[in-house]
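An overview of the molecular structure
Residues per chain, in single letters:
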Amino acid sequence: MGRLVPAVTRALDILELFLDGDGTLSAPDIVRRLQLPRTTVHELVTTLAARKYIVPVAGQPGRYRLGVRPYQLGARYAEYLDLAAEGQQVARSVAETCDETVHVAILEDTDVIYIAKVDSTHAVRMVSAAGRRLPAHCTSVGKMLLASLPEPELTARIPDDAELVAMTPNSITDPAALRETLTEIRARGVAVESRESNPDVSCVAAPVRDRTGQVVAALSISVPMIRWSEERLGELEELAVKGAADLSERLGHRSMA
């Protein structure tokens with residue numbers, strides 16, 4: 001573990017005090033309970049209030065309660081908990097249908113993180129695990145998620161001069177080539193990876209949307225090359241789209257179709 005930052009620790013200590021009692025505190029309360037200097041508490045309280053982490057209590061001068069920001073952070077955390085739990089159930093259903101490995105992943109910066117996984121029952125299958133992180137441009141889920149970003153955000157994450165790592169000889173390492181691929185993915189609504197993260201595996205992925213319609217994850221089906229074929233691709237794409245739509249519906253998304 002790295003060195004803790006005292007100011008951050010103290011600010012978090014203050015926020016955690018609001019979990020007790022009636023949920024309101026004054027600066028003197030904080031000074032007394034945390035044994036901190038009054039000037040330090042004043043600076044921290046002023047900063048937390050400016051960032052909407054705490055707000056003044058109406059009719060009680062000098063007292064504060066939690067603001068909207070902690071609620072927003074908690075709501076986002078809850079969304080991911082729901083996504084992982086629901087994703088695991090949907091992945092299991094899809095895997096039972098095709099008997100291949102199914103993943104659900106989210107995008108973090110330029111990587112994907114797998115939050116749910118169900119294995120194939122075949123002896124030959126993809127070796128992976130929930131929690132694993134991979135470069136987004138090398139995976140079907142990652143390319144699907146990158147393709148869903150607004151153009152300014154995509155450029156910020158992967159500028160034209162970005163150095164893209166290669167996981168296999170088939171990995172896309174040129175940002176311009178990646179952009180062409182992402183354009184095709186947007187048009188088709190599905191992403192395909194041909195041995196780009198694993199020389200023995202190909203994958204297909206579809207987008208998962210939340211209740212607002214925003215793409216928050218992607219669901220993929222991974223198939224060893226010994227069971228992969230162009231004839232089977234259409235079936236796998238259809239199944240991935242159906243699974244992603246099912247998960248989207250569980251998250252509150254309602255299709256206009």
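Given the structure is predicted, the values throughout are model-derived calculations rather than measurements. Each chain has its residues counted from 1, following the order in which its sequence is written. This being a predicted model, a pLDDT of at least 70 is required before a residue's local features are given, and a value of 80 or more before pairs of side-chain atoms are given or counted; all residues contribute to the totals for chains, interfaces and linings. To obtain the side-chain values, all non-hydrogen atoms of the structure were used and water was disregarded.

**A closer look at the sheet that holds strand β1 (residues 24-26)**
Sheets are built from strands that pair by backbone hydrogen bonding, the pairs being arranged parallel or antiparallel. We call two strands paired when DSSP finds no fewer than two bridges between them. A run of DSSP states H or I qualifies as a helix once it reaches four residues; a run of E qualifies as a strand once it reaches two. Both are numbered from the N-terminal end. Taken in spatial order, the three strands make up an open sheet running β1-β3-β2, and their pairing is antiparallel. Looking at the sheet topology across the chains shown, the edges are occupied by β1 and β2 (54-56). When the angles between neighbouring strand axes are averaged without regard to direction, this sheet yields 40 degrees. Here β1 runs beside strand β3 (residues 63-66); their pairing, made up of three bridges, is antiparallel. Looking at the pairing, Ser-26 lines up with Arg-63 of β3. Two residues qualify as a contact provided that any one of their heavy atoms is within 4.5 Å of a heavy atom in the partner residue. Here an axis means a line fitted to C-alpha atoms, over the contact stretch when the element is a helix, while the angle between two N-to-C directions is reported on a 0 to 180 degree scale. The strands that helix α2 (residues 27-34) touches are β1 and β3; relative to β1, the one it contacts most, it runs at about 85 degrees.

**Structural notes on the UniProt feature "domain: HTH iclR-type" (unreviewed entry) in the chain**
UniProt positions are given in the numbering used here, feature names are shortened, and annotations may be inferred rather than shown by experiment. Annotation from UniProt places "domain: HTH iclR-type" (unreviewed entry) at residues 5-68. Secondary structure content for residues 5-68 is 53% helix and 16% strand, while the C-alpha to C-alpha distance between its ends is 24 Å.

**Some remarks on the pattern of salt bridges**
For salt bridges, the criterion is a side-chain nitrogen of Lys or Arg within 4 Å of an Asp or Glu carboxyl oxygen. Scanning the model with the defined rule gives 15 salt bridges in all. In this structure, Glu-100 engages Arg-232 in a salt bridge whose closest nitrogen and oxygen atoms are separated by 2.9 Å. With Glu-100 in the loop between α4 (68-98) and β4 (101-108) and Arg-232 in helix α8 (residues 230-250), this pair connects stretches of sequence that are 132 residues apart. For the pair shown, Glu-100 and Arg-232 are each scored as buried. In this structure, Asp-246 and Arg-250 form a salt bridge, with 3.5 Å as the shortest nitrogen-oxygen distance. Pair noted here: Asp-246 and Arg-250 are both in helix α8, with a separation of four residues, about one helical turn. A 1.4 Å probe rolled over the protein chains alone gives each residue an accessible area, and that area as a share of the maximum for its type sets the label: buried under 20%, exposed over 50%, partly exposed in between.

**Notes on the nonpolar core**
In these notes, a set of buried Ala, Val, Leu, Ile, Met, Phe, Trp, Tyr and Cys residues joined through side-chain atoms within 4.5 Å is what counts as a nonpolar core. The biggest cluster of nonpolar side chains holds 28 residues, and the ones touching the most others in it are Leu-83, Val-94, Val-102, Val-208, Leu-219, Ile-221 and Leu-247. Mapped by element, the contributors of at least two residues to this core are α4, β4, β5 (111-118), β8 (201-209), β9 (215-224) and α8. Those residues in contact with Val-208, other than ones at most four positions away along the chain, are Leu-83, Gln-214, Val-215, Val-216, Ala-217, Ala-218, Leu-219, Ala-244, Leu-247, Ser-248 and Leu-251. Of all hydrophobic cores here, the second largest spans 24 residues; its members include Val-112, Val-141, Leu-146 and Leu-182.

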